[in-house]
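# An overview of the molecular structure
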Amino acid sequence: MSPAPQYLSGRILLALPGMFDPRFVHAVIAMCVHDEKGALGIDVSRQHESLRFRAVLEEAGVPPGQAPDVPVHVGGPVEPQRGFVLHSTDWGGHGTIHVGKLWALSFSTDVLRAIAEGRGPSKWLFALGYTGWGQGQLEGELRHHGWHAAGGHGEVLFDPAPDQRWKAAWRAEGIDPALLASETGRA
């Protein structure tokens, strides 16, 4: 009898040094959905250079109100025109997926309106696009030198600056990222 599959919803994927895909060098991906059909995560380590949240609200027809004018994250290369709010679990509404006890993912305009009106989640970030894997694809990548499946360290998703999240997530794992090798050995 084979062991039950280990799904990664509620965990964080960390790109290993030597990541084979340059789009994911030092990536920190909050895994929101992972099952037998595939996986979906939001990369929290990159931001658009000039796109700001209030501009996104205006484009969506939501009056910006009290919303801060924070940078927009690059959630991943899949559907880069589609918006997602990764947030704390103290808010939920239509289109919200609670990912364990540490974070939630919302993709409706309800959460955008709530943020603009000052009644949204206490911690959040807005991302365009997501990182996705088809059936069995992520499992294959995990067998090669590419990803480390870290614990669900929710504190690294919102508090450190995006360019510091990779190092912070490794430290939360008890690992000094400076000691990581860019290749795996062969025995």
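So, here's what we can say about the structure.

Rules used in this analysis
Residues numbered from 1 in each chain as written. Predicted model: local features only at pLDDT ≥ 70, side-chain atom pairs only at ≥ 80, totals over all residues. Heavy atoms only, no water. Helix = DSSP H or I, 4+ residues; strand = E, 2+ residues; numbered from the N terminus. Buried < 20%, exposed > 50% of the residue type's maximum accessible area, 1.4 Å probe, protein only. Polar contact = N/O pair within 3.5 Å; in protein donor to acceptor, adjacent residues only side chain to side chain. Core = buried A, V, L, I, M, F, W, Y, C linked by side-chain atoms within 4.5 Å. Contact = heavy atoms within 4.5 Å. Phe/Tyr/Trp six-rings, centres within 6.5 Å; stacked < 30°, edge-to-face > 60°. Lys NZ or Arg CZ within 6 Å of the ring centre and 35° of its normal.

A positive phi angle, close to 60 degrees, is found at His26, a residue other than glycine. You can see His26 is positioned in the loop between strand 1 (12-15) and strand 2 (28-35). Positive phi, close to 50 degrees, is recorded for Glu79, a residue that is not glycine. On the accessibility criterion, Glu79 (31% relative accessible area) is partly exposed.

This paragraph deals with the side chain of His87. Along the chain, His87 turns up in strand 6 (residues 78-87). Of the polar contacts made by the side chain of His87, one reaches the side chain of Ser106; its length is 2.7 Å.

Grouped together as the largest cluster of nonpolar side chains are 37 residues, with contacts concentrated most on Leu86 and Trp147. If you tally residues by element for this core, the top one is strand 2, at 5 residues. Beyond its immediate stretch of four places on either side in the chain, Leu86 contacts Ala30, Cys32, Val44, Trp103, Ala104, Leu105, Lys123, Trp124, Leu125, Leu157 and Phe158. One finds Val62, Trp91, Val111 and Phe126 within the second-largest nonpolar core, a separate group that totals 16 residues.

On to the packing of aromatic side chains, then. The full count for this structure, using the stated rule, is 6 aromatic pairs. Look at Trp133 and Trp147: their rings are 6.1 Å apart centre to centre, the planes differ by 80 degrees, and that puts the pair in the edge-to-face class. Pair noted here: Trp133 is in strand 9 (residues 124-133) and Trp147 is in strand 10 (residues 147-150), with a separation of 14 residues, a long-range link. Looking at Trp133, the relative accessible area reads 7%, which means it is buried. According to the relative accessible area criterion, Trp147 is buried, its value standing at 5%. On the numbers, 6.1 Å between centres and 80 degrees between planes, the contact of Trp166 with Trp170 is edge-to-face. Residue Trp166 and its partner Trp170 are located together in helix 5 (residues 165-172), separated by 4 residues, close to a single helical turn. Owing to a relative accessible area of 1%, Trp170 belongs among the buried residues under this scheme. Between Arg82 and the ring centre of Phe107, over which it is positioned, the NZ or CZ distance is 5.7 Å.

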